[in-house]
Number of protein chains: 2
Amino acid sequence: MSRSGNAVDAQTILDAAVGMLEEGGIAGFSMRGLADRIGVAVTSIYWHVGGRDALFDSLTDRLRDEMAALPTDGATPIERITALARAQRTMLIDRQHLLAVANARHRARTLFVPVQQHLATELAGLGITGDHAALALRSIEVHVISFALMQFSSLRGDKNDVADASAWTDDWLDRELAEALRSPTDYDAVFEYGLSALLASLC
Amino acid sequence: MSRSGNAVDAQTILDAAVGMLEEGGIAGFSMRGLADRIGVAVTSIYWHVGGRDALFDSLTDRLRDEMAALPTDGATPIERITALARAQRTMLIDRQHLLAVANARHRARTLFVPVQQHLATELAGLGITGDHAALALRSIEVHVISFALMQFSSLRGDKNDVADASAWTDDWLDRELAEALRSPTDYDAVFEYGLSALLASLC
DNA sequence: ACCTGAACACCGTTCAAGT
DNA sequence: ACCTGAACACCGTTCAAGT
């Protein structure tokens, strides 16, 4: 419908898929809708990129490759690790819907791969190697990715935050705590809190 | 099909839904399939519990209520917090599919509600109150839940662990680290590592 | 090599009709 | 009050047929 030239290749299809996902999320995505958006029969998508699963896998691979260029500046190893974790988190939140796509394919952790080697180098700079390095690396990995995953998920259902919070009446043990728990979660603060706890345990 | 008596009420339907989810996961669940399993017309489910979303919400509420009875033994506040976090994590892994259901409704964090008050009490015992307590509480919350969510998701796509690991050749900077990263993630160890880092930052 | 339409086997949901 | 069948508007995927 929306296209005039007929240069339909895998890249064009993937680009259109990203656009569609950014507009309506994973719930708003369908093979048929994607075909309409490109102006082609559904079946032609199957020829170029395969089915839904294959398409989602390709999008995941694309996002993973984009993650290779994340900035890693900072004076000390700890600062560089922090910067890397923050930058990746920002990018994942930015690309919420693609993260959801990776997760739908159970491949969210794949997105961490390009960061692993950088992180291993920084850990080595701190004298952390072997099993300990592997543990630290994976802790940071899970913290960054699962956190983004959950934040994304929570933002979509923000009414629940309020509903659940109604359980916190003021006459409960700590008025300031009750107050804080009644307002929506400050994900940035919670992320930083967990990250610095993880990094502190390294030294 | 499978029932003879005709006592079809909301509870029976929810129980059957849990059974169906345990067998085939969220992907294997459908309203029509559930109706067949009970031996009733699909539309009768709509009368008793509402549509798919309402049904999933009810299952989430049920699981949330079950979380109220988690054991909290330990000599010190830190030990009791640790025990609580571990017990909840074990239960979430046990009920993987129901956790996935809650997540599909963007209500995974709801599952933490029954634990919140216990945790707040223990934090108060450590002299932690107000905003700091809120931050600590939510850090533990996100750690427990998002971790279980991700572990569940990863286990379903375990082939990726191997595929991604192929990037780790031995001639890379740290042989022992490469070795460790090539084998599948020990989620228990990573969970404990992150949890103790969080708790250490409390004191 | 590329694109198509038709068909298959599914979905969730609504609603008028039954008892 | 409870349950039904029919119908609507969707899905993803396959495959033989076209050019």
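Residues numbered from 1 in each chain as written. Chains lettered and ligands numbered in written order. Predicted model: local features only at pLDDT ≥ 70, side-chain atom pairs only at ≥ 80, totals over all residues. Heavy atoms only, no water.

Draft legend 1. The protein's contact with DNA strand C, seen in detail. Taken together, 17 residues sit near DNA strand C, with A:A41, A:T43, A:W47, A:H48 and B:R32 positioned nearest. Contact between DNA strand C and B:R32: a base nitrogen at 2.3 Å from a side-chain N or O atom of the residue. One of the side-chain nitrogen or oxygen atoms of B:Y46 is found 2.9 Å away from a phosphate oxygen of DNA strand C. Of all the secondary-structure elements, those providing two or more residues to the surface near DNA strand C are α3 (42-49) of chain A together with α2 (31-38) and α3 (42-49) of chain B. If you tally residues by element for the surface near DNA strand C, the top one is α3(A), at 4 residues. Its residues placed into classes, the surface near DNA strand C shows 7 nonpolar, 7 polar and 3 charged. (Near = heavy atom within 4 Å. Polar contact = N/O pair within 3.5 Å; in protein donor to acceptor, adjacent residues only side chain to side chain. Helix = DSSP H or I, 4+ residues; strand = E, 2+ residues; numbered from the N terminus. Nonpolar A, V, L, I, M, F, W, Y, C, P; charged D, E, K, R; others polar.)

Draft legend 2. Molecular detail of the domain arrangement of chain A. All names here are of chain A. The domain boundaries assigned to chain A delineate domain 1 (10-50) and domain 2 (64-200). Between domain 1 and domain 2, the C-alpha centre-to-centre distance is 30 Å. Listed per partner, the contact involves 5 residues of domain 1 and 5 residues of domain 2. Its largest share of buried area at the contact with domain 2, domain 1 owes to L21, E22 and I26, together 73% of the area lost on that side. If you look at where domain 1 meets domain 2, you find 0 salt bridges. Inspection of the domain 1/domain 2 interface yields 0 residue pairs in polar contact (both at pLDDT 80 or more). (Domains from an automatic or database assignment. Contact = heavy atoms within 4.5 Å. Buried area = accessible area lost by both parts, 1.4 Å probe. Salt bridge = Lys/Arg side-chain N within 4 Å of Asp/Glu carboxyl O.)

Draft legend 3. View of the interface of chain A and chain B. On the side of chain B, 54 residues touch chain A, which itself brings 54 residues to the contact. At the boundary of chain A with chain B, total buried surface from both sides reaches about 4800 Å², with 63% on carbon and sulfur atoms. Considering only the surface of chain A that becomes buried against chain B, A:R138, A:M150 and A:Y193 emerge as the three largest contributors, covering 16% of it. Linking chain A to chain B there are 0 salt bridges. If you look at where chain A meets chain B, you find 18 residue pairs in polar contact (both at pLDDT 80 or more). Top element by residues in the side of chain A that touches chain B is helix α8 (residues 130-156) of chain A. It accounts for 18 residues. Residue composition of the side of chain A that touches chain B, by class: 25 nonpolar, 19 polar and 10 charged.

Draft legend 4. Region of interest: the protein's contact with DNA strand D. For DNA strand D, the set of nearby residues contains 17 residues, the closest of which are A:R32, B:A41, B:T43, B:W47 and B:H48. In the model, a phosphate oxygen of DNA strand D is placed 3.4 Å from a nitrogen or oxygen of the A:S30 side chain. Measuring from a phosphate oxygen of DNA strand D, one finds a backbone N or O atom of B:A41 at 2.5 Å. Here the surface near DNA strand D takes 4 residues from α3(B), the largest share from any one element.

Draft legend 5. Summary view of the side chain of B:T60. All names here are of chain B. Following the sequence through the fold, T60 ends up in helix α4 (residues 52-66). Among the polar contacts listed, one links the side chain of T60 to the backbone oxygen of F56, at a separation of 2.9 Å. Sequence-distant contacts of T60, defined by excluding residues within four places in its chain, comprise V101, A102, R107 and L111.

Draft legend 6. Broad picture of the layout of surface pockets. What the largest pocket holds in volume is close to 1300 Å³. Lining the largest pocket are 43 residues; nearest its centre among them are A:N103, A:A104, B:I26, B:N103 and B:A104. Elements supplying a minimum of two residues to the lining of the largest pocket: α4 (52-66), α6 (96-104) and α8 of chain A together with α4, α6 (96-104), α8 (130-156) and α9 (158-165) of chain B. Within the lining of the largest pocket, the residues separate by chemical class into 16 nonpolar, 15 polar and 12 charged. (1 Å grid on protein atoms, 1.4 Å probe; cavity = no way out; pocket = protein on both sides within 12 Å on 5 of 7 lines; lining within 4 Å. Points joined across faces, edges and corners; volume = space filled by probe spheres on them.)

Draft legend 7. How the structure looks around the side chain of B:R109. Note on placement: B:R109 falls in the loop between α6 and α7 (113-125). Side chain to side chain, B:R109 and B:E141 meet in a polar contact 2.4 Å long.

Draft legend 8. Representation of the environment of A:D174 within the structure. Mapped onto the elements, A:D174 comes out in the loop between α9 (158-165) and α10 (175-182). Look at A:D174 and you get buried, because its relative accessible area is 11%. With sequence-adjacent residues up to four places away left out, A:D174 is seen in contact with B:T129 and B:G130. At 3.1 Å, the side chain of A:D174 forms a polar contact with the backbone nitrogen of A:E176. (Buried < 20%, exposed > 50% of the residue type's maximum accessible area, 1.4 Å probe, protein only.)

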